[in-house]
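Chain residues, written in single-letter form:
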Amino acid sequence: MSPVFALLIGTCFLLWLVLSAPVGTRTVSRRVVARTSITRLWAALHPFGDDFGWNGAVTRVIRTGEGTGCMVTSHMGRDGKPIERCFELVDEVPGERFTMRYTDDTSLAQSFWEDHEMRVSISEGAPGRVVAEIAETDRYRGIAFLVFRHFALRRLAIKLKRWAETGEFKPGGIFEHPLTQLGMGGLSAMLLWPFFGLHANGLFLAVTLTVVVALHELGHMAAFRMMGHTSARMIFLPLLGGIALGGRPYDRHFEIGFSALMGAGFSAFGVAILIWWQMAMGQNAPDNFAEIIVIAALFNLGNLMPVWKFDGGQVLRQVFRGGASQAAAAFLMLGIMVATGVAVGFSARIMMVCGAILAILSLITTQTGVKPKTALVPMNSRERYALVAALVSVTAIHALAVVWSVRLIFY
């Protein structure tokens, strides 16, 4: 088995594990031990407690019945209004424990919450200390959201302890801090270094790929801003790349498609400029200039693969709403990827096998999305044609750049 083929299979398996593996029902929990009183912790954790809005996530709670209510969150929905979530409380013993389940959400379909529940129990600990046990149970597909829940609950526990003991709440967290993300980018480059060879040029190429990832995510962030998101941020995921996050749920199918395409679209301008610069310098161009081009073009072309969680898959699902048209467009995109691989020197058989693996990956990740509460605004014909034209152009730029730069390096 060739190293490239093995790497592709390993990458596909990792993506399946992260995005679609049937993890099943799992519980994440944290234990908070604080120098405070049971009354204070109960008021902070119980939905009808006086201090339930201690961290700013909820602005008010409306009681709708015995053990039922609706919380108004500080997060904005696609309609520009605060997201509201209704809940019910069961197995409640005042001052000791309760279990909360969400029964309605103005942003997400109820299917998102149907297997979710949160259990809270509070008890006396060592002298002067109170112990709170917080546990969230849900059914997961892929480990990504399970890992997110673990760290989110860990952060909640740390902030709750500080607030309970000092009355101080500090928003944000160390993971999103710019210095932390800079460090994550550096870590990503160090982890990539061995793949390029443990020498100076290998380090240069690893850093280049890390910068390419950052610029790609910057394109997504620019799209979020253009689509009216008041905030956007980027998170580095070592070895897996990065992720750009908008400030609110999506409102339109065009918004999803445009935001997904802008990662590779923004980078296409840079790739075109680098090719022009390389051609203009001719023999005077630096030795590794073409390597920079192939890394940038190959990374962005890879993100255009028609796999559901990839940018290309996102665009195709918004443009083509029917199953048959989506499948036809996906196979066309895979055909372009296969043809690009053949053009740079890979055997047609290996590329066909790679295309088949990617097609399978696309199929097994199609049902992993989060459904919104109400249907998104559909695209009009002008938006659809514009997005298709942009997808074709961006794909052509990166595919041709890969072929051109590889032949410049090896031929």
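The structure displayed is predicted, hence computed values, not measured ones. (Residues numbered from 1 in each chain as written. Predicted model: local features only at pLDDT ≥ 70, side-chain atom pairs only at ≥ 80, totals over all residues. Heavy atoms only, no water.)

Undergrad: Please give an account of the overall build of the chain that cites residues and values.
TA: Counting its regular elements, the chain contains 11 helices and 9 strands. Its C-alpha atoms give the chain principal-axis dimensions of about 75 × 50 × 40 Å. Per-residue burial for the chain yields a buried fraction of 43% across its 411 residues. Within the chain, counting contacts between residues at least 6 apart in sequence, those at least 24 apart form 60% of the total. About 21400 Å² of surface is accessible on the chain, with carbon and sulfur atoms providing 65% of the total. Between the mean site of the 36 positive side-chain charges and the mean site of the 28 negative ones, the chain shows a separation of 4 Å. (Helix = DSSP H or I, 4+ residues; strand = E, 2+ residues; numbered from the N terminus. Buried < 20%, exposed > 50% of the residue type's maximum accessible area, 1.4 Å probe, protein only. Contact = heavy atoms within 4.5 Å. Areas by Shrake-Rupley, 256 points an atom, 1.4 Å probe, with all protein chains shown as cover. Lys, Arg positive; Asp, Glu negative; His and termini not counted. Charge placed at Lys NZ, Arg CZ, Asp CG, Glu CD.)

Undergrad: Give a detailed account of helix α8 (residues 311–319), specifying residues and quantitative values.
TA: In terms of burial, α8 is a largely internal element, 8 of the 9 residues being buried. Those residues of α8 that fall on the buried side of the exposure criterion are Asp311, Gly312, Gly313, Gln314, Val315, Leu316, Gln318 and Val319. Structurally, α8 contributes buried residues whose contacts are with α5 (200–226), α6 (253–281), α7 (289–303), α9 (323–343) and α11 (381–410).

Undergrad: Can you explain the packing of aromatic side chains? Please cite residues and give values.
TA: Scanning the model with the defined rule gives 12 aromatic pairs in all. On the basis of an interplanar angle of 50° and a centroid distance of 5.5 Å, the ring pair of Phe48 and Phe87 is categorised as tilted. Highlighted residues: Phe48 in the loop between α2 (38–45) and β2 (58–65) and Phe87 in strand β4 (residues 82–93), separated in sequence by 39 residues. For Phe87, a relative accessible area of 1% gives the class buried. Arranged with centres 5.7 Å apart and planes meeting at 40°, the rings of Trp54 and Trp163 form a pair that is tilted. You can see Trp54 sitting in the loop between α2 and β2 and its partner Trp163 sitting in helix α3 (residues 143–166), a full 109 residues away along the chain. Taking relative accessible area as the criterion, Trp54 reaches 11% and is therefore assigned buried. The class of Trp163 is buried, set by a relative accessible area of 8%. The ring of Trp163 has Arg40 lying over it, and the distance from NZ or CZ to the ring centre is 4.0 Å. When the ring centre of Phe48 is taken as reference, the NZ or CZ atom of Arg63 above it lies at 3.8 Å. (Phe/Tyr/Trp six-rings, centres within 6.5 Å; stacked < 30°, edge-to-face > 60°. Lys NZ or Arg CZ within 6 Å of the ring centre and 35° of its normal.)

Undergrad: Quick one: what's the story with the nonpolar core, residue by residue and with numbers?
TA: Grouped together as the largest cluster of nonpolar side chains are 51 residues, with contacts concentrated most on Leu261, Val271, Leu304, Val315, Leu387 and Leu391. Broken down by secondary-structure element, the contributors of at least two residues to this core are α4 (178–196), α5, α6, α7, α8, α9, α10 (348–364) and α11. Not counting the four nearest positions on each side in its chain, Leu261 is found in contact with Leu304, Val315, Leu387, Ala390, Leu391 and Val394. If you look at the next biggest cluster of nonpolar residues, it comprises 33 residues, including Val28, Ala44, Phe98 and Val130. (Core = buried A, V, L, I, M, F, W, Y, C linked by side-chain atoms within 4.5 Å.)

Undergrad: Requested: an account of the side chain of Gln326, with residues and values cited.
TA: One can find Gln326 in helix α9. Within the structure, the side chain of Gln326 is placed 2.7 Å from the backbone oxygen of Phe320, a separation counted as a polar contact. Beyond its immediate stretch of four places on either side in the chain, Gln326 contacts Leu316, Arg317, Phe320 and Arg321. (Polar contact = N/O pair within 3.5 Å; in protein donor to acceptor, adjacent residues only side chain to side chain.)

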